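Per-entry structural report
Here are the chains, one letter per residue:
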Amino acid sequence: MSRPSVRVPEPEGMMTAMSEHFDVHGGARLVGEVEVVGAKNSVLKLMAAALLAEGTTTITNCPQILDVPLMADVLRSVGCEVVLDGDTAKITTPSELSHRADSPAMGKLRASVCVLGPLVGRLKQAVVALPGGDAIGSRPLDMHQNGLRALGATSTIEHGCVVATADHLKGAQIWLDFPSVGATENILMAAVLAEGTTVIDNAAREPEIVDICVMLNQMGAKIEGAGTSTLTVHGVTELHPTEHRVIGDRIVGATWAFAAAMTRGDLTVKGVNPHHLDLVLEKLRMAGAEITTFGESGFRVVQHDRPKAVDFVTLPYPGFATDLQPFAVALSAVSEGTSMITENVYEARFRFIEEMVRLGADARTDGHHAVVRGVERLSSAPVWASDIRAGAGLVLAGLCADGVTEIWDVFHIDRGYPYFVENLNRLGARVERVVGAAERC
């Protein structure tokens with residue numbers, strides 16, 4: 001296989017890919033088969049869960065993306081030995097861990113905060129540097145902290161770190177104001193080693209939550225209600241290491257589904273459960289795509305004609321994922337008719353539309369609504385990715401534009417999509433990774 005589209009961060013904190021861009025040649029029709037690997041939004045949390053048990057935990061089907069070695073560095077900072085070999089991560093957790101997670105990698109990915117719950121659960125104390133990640137708006141840690149406080153911990157923000165301590169943790173009834181995935185995960189991982197029973201109401205229901213519950217139960221936890229809005233956790237005294245396979249990445253799977261619809265292509269997507277994408281696939285049917293599903297292993301999307309306009313509203317799972325909002329905008333930009341896209345989760349996600357307008361999209365925003373009037377074809381321009389999904393959305397838009405579209409800050413894309421350029425070219429696109437200095441016009 002050719003060189004993967006993955007870059008490793010510099011020790012000083014700057015990505016080497018900052019000076020790289022993609023040249024995306026327009027006019028492609030994507031045809032063929034693509035395999036989806038493990039979910040980015042699951043693997044990083046599963047790696048953090050390994051902190052809960054002394055010994056070696058093995059996680060397979062890991063995506064080869066930038067965030068996995070970054071999370072490995074976070075775990076090494078508290079004393080773990082982490083070996084990454086292809087799609088396998090072996091995490092050896094010692095009997096004595098450090099409670100301070102302050103690796104420079106913490107500033108590069110949001111998911112690094114998920115070490116907070118395991119450290120508090122196992123050590124009854126944690127100092128965790130505030131995380132970084134995508135520029136998609138405010139994502140406060142109030143619910144994480146309030147959940148730990150309900151379990152008996154104190155939690156404050158001091159000197160750029162979340163500081164939490166507890167004499168002991170005791171089960172509690174916890175209500176989340178919003179079904180936050182991160183808060184659900186951190187509370188869950190602290191509660192599995194707490195005394196008594198914890199009930200988390202209005203918990204997140206995403207497939208990635210089910211995945212971590214499955215792994216924790218394999219480790220000896222007692223969790224009921226995974227996939228529902230109420231999680232019941234019966235605390236145990238200790239957990240043991242395990243081996244677990246990460247679920248397929250539904251966001252990457254959906255990306256390929258939108259790619260087929262936008263390019264009037266024919267793509268078979270394997271390695272992801274189509275039931276995790278029921279609403280997405282139904283929206284694409286409404287846009288005119290032919291959809292075939294293959295049990296729990298994949299699906300096919302065929303788009304013969306120009307897509308029809310469809311409205312989208314982002315909501316927590318099982319609603320339409322906010323991570324897919326850029327693709328909804330990109331699809332709407334080339335569809336026949338006018339679409340309304342409503343963003344209910346992250347207020348800054350609409351910055352993607354500014355770049356789409358540079359490509360000739362007819363789009364306007366008003367608060368958390370966007371109105372997009374489809375055009376027959378976009379026009380090439382230099383554009384900048386503000387986050388992982390915005391970057392991938394711009395690539396798909398570039399495939400539907402005249403000429404060659406330059407997409408900058410592609411390190412974002414490398415954080416979420418392994419072998420993205422290689423897969424696109426294999427499916428009929430022409431995308432090149434180029435090293436050079438950016439000059440915004």
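In the nomenclature of an unreviewed UniProt entry, the chain is known as UDP-N-acetylglucosamine 1-carboxyvinyltransferase of Amycolatopsis thermoflava. Under the Function (unreviewed entry) heading, UniProt states for the chain: "Cell wall formation. Adds enolpyruvyl to UDP-N-acetylglucosamine." The heading Subcellular location (unreviewed entry) in the UniProt record of the chain holds the text "Cytoplasm".

Pairing between the strands of a sheet comes from backbone hydrogen bonds, and it takes one of two forms, parallel or antiparallel. The four strands are arranged 18-19-21-20 in an open sheet whose pairing can be described as mixed. Strands at the two margins of the open sheet, each flanked by one partner only, are strand 18 (312-313) and strand 20 (362-366). Two elements, strand 19 (residues 338-342) and strand 21 (residues 369-373), share five bridges in a ladder whose sense is antiparallel. Opposite Ser 339, over in strand 21, you have Val 372 as the bridge partner.

For helix 1 (residues 40-49), a buried count of nine out of 10 residues is recorded, marking the element as mostly surrounded by other parts of the structure. All of the buried residues in helix 1 are Lys 40, Ser 42, Val 43, Leu 44, Lys 45, Leu 46, Met 47, Ala 48 and Ala 49.

Note that Thr 342 resides in strand 19. A distance of 3.0 Å separates polar atoms of two side chains, one belonging to Thr 342 and the other to His 369. Residues in contact with Thr 342, not counting those within four places in the same chain, are Phe 312, Val 313, Thr 314, His 368 and His 369.

Along the chain, Leu 70 falls in helix 2 (residues 67-77). Among the residues examined, Leu 70 registers a relative accessible area of 1% and is labelled buried. Note: C-alpha distance between Leu 70 and Gly 107 (37 residues apart in sequence) is 9.8 Å.

Conventions used here
Residues numbered from 1 in each chain as written. Predicted model: local features only at pLDDT ≥ 70, side-chain atom pairs only at ≥ 80, totals over all residues. Heavy atoms only, no water. UniProt positions renumbered as here; feature names shortened; annotations may be inferred. Pairing = 2+ DSSP bridges. Helix = DSSP H or I, 4+ residues; strand = E, 2+ residues; numbered from the N terminus. Buried < 20%, exposed > 50% of the residue type's maximum accessible area, 1.4 Å probe, protein only. Polar contact = N/O pair within 3.5 Å; in protein donor to acceptor, adjacent residues only side chain to side chain. Contact = heavy atoms within 4.5 Å.

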